[in-house]
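Structure assessment
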Amino acid sequence: MYLFIKAIHIISIVAWFAAILYMGRLLVYFAEAQSKTDSQRRTLSNQLGIMQKRLWLYIATPAMIAALIFGVWLMPYYGNYRQPWMHTKLLLVVCLLGYTHLIGRIYRQQNAGKSTWDAKGLRFLNESGTLFLVGIVFTVVVKSILGIAIGVLCLAGAVALIGIAFRRRRPLK
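Criteria and cut-off values
Residues numbered from 1 in each chain as written. Predicted model: local features only at pLDDT ≥ 70, side-chain atom pairs only at ≥ 80, totals over all residues. Heavy atoms only, no water. Helix = DSSP H or I, 4+ residues; strand = E, 2+ residues; numbered from the N terminus. Expected span 1.5 Å × (residues − 1). Buried < 20%, exposed > 50% of the residue type's maximum accessible area, 1.4 Å probe, protein only. Contact = heavy atoms within 4.5 Å. pLDDT = per-residue confidence, 0-100. Salt bridge = Lys/Arg side-chain N within 4 Å of Asp/Glu carboxyl O. Core = buried A, V, L, I, M, F, W, Y, C linked by side-chain atoms within 4.5 Å. Axes fitted to C-alpha atoms, helices over the stretch in contact; angles between N-to-C directions. Parallel < 35°, antiparallel > 145°, perpendicular 65-115°, else oblique. Left-handed = near helix turned anticlockwise from the far one by under 90°.

Take helix α4 (residues 119-142) next. Between its terminal C-alpha atoms α4 stretches 35 Å, which fits the 34 Å expected from 24 residues at 1.5 Å a residue. All of the buried residues along α4 are A119, G121, L122, L125, N126, S128, G129, F132, G135, I136 and T139. Where α4 is buried, its residues contact α1 (2-33), α3 (84-112) and α5 (145-167). Taken from the residues just after α4, K143 is the one with a positive phi, measuring 50 degrees.

Shown next as structure tokens:
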């Protein structure tokens, strides 16, 4: 049973990351579309809005929920939730949840016409998602002080990029 749970957990994580990384890119495209002509802006915004909605509702959210459920289910099998690498992984996962929430919030703001994010700020934000992926993978695979250090450095980098992204926010025209 353990291997099936682990396989579903890994598949869920891959789908979750694919969805939030692609959603970040769609947010950038949506912001860029706002500077087009009225006809182009309407067409692009409508199409991107449909793509965002489907990605968020049918892939990102279910994958995130499944990753969390199967991850918690795996913890007793490991019996290592007291180890430092697991604490680092859990910290990264909690931060990833916050990042996912932020991406979802920006998506809802864009579709309501109330976003204060420009394309360049969204690019910085989008790149921070990759750092969460790198940090979690190194922490889980290496399971040593080196893995923990890489995880913490990736977390610091992601926080720095998110900070830069927040500083770049400005009203869309």
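Turning our eyes to something else, we now look at the confidence of the model for the chain. Summing up the model confidence of the chain, the mean pLDDT is 91 and the portion of residues at 70 or higher is 97%. Ranking the helices and strands of the chain by mean pLDDT puts α1 first, with 96, and α5 last, with 91.

Let us now look at α3. Along its 29 residues, α3 runs 42 Å from first to last C-alpha, staying within 8% of the 42 Å computed at 1.5 Å per residue. Residue G113 follows α3 closely and has a positive phi angle near 75 degrees.

Attention now goes to unusual backbone geometry. In this structure, K143 is a non-glycine residue whose phi angle is positive, near 50 degrees. On the secondary structure map, K143 appears in the loop between α4 and α5. K143 sits in the partly exposed class, given a relative accessible area of 38%.

Okay, the pattern of salt bridges next. It is possible for side chains of opposite charge to pair when their charged atoms get near one another. What the rule picks out here adds up to two salt bridges. Across the salt bridge formed by R123 and E32, the nearest N and O atoms sit 2.2 Å from each other. With R123 in helix α4 and E32 in helix α1, this pair connects stretches of sequence that are 91 residues apart. Take R123: its relative accessible area is 32%, and that puts it in the partly exposed class. A salt bridge links R41 to D38, with the nearest nitrogen and oxygen atoms 2.5 Å apart. Taken together, the residues R41 and D38, both in helix α2 (residues 38-78) and three residues apart, mark about one turn of the helix.

With that settled, consider the nonpolar core. L96, Y99, L122, L125 and F132 are the most contacted members of the largest nonpolar core, which totals 36 residues. Those elements that place two or more of their residues in this core are α1, α2, α3, α4 and α5. When residues of this core are assigned to their parent elements, the largest contribution, 11 residues, is made by α1.

Moving on, we come to the packing of α3 against α4. In contact at an axis separation of 10 Å, α3 and α4 are set at 155 degrees when each is read in the N-to-C sense. Taken as axis vectors, α3 and α4 run roughly antiparallel relative to one another. Crossing angle aside, the handedness with which α3 passes α4 is left-handed. Judged by residue contacts, W85, T88, K89, L92, V93, C95, L96, Y99, L102, I103, I106 and Q110 of α3 engage L122, L125, N126, S128, G129, F132, G135, I136, T139 and V140 from α4.

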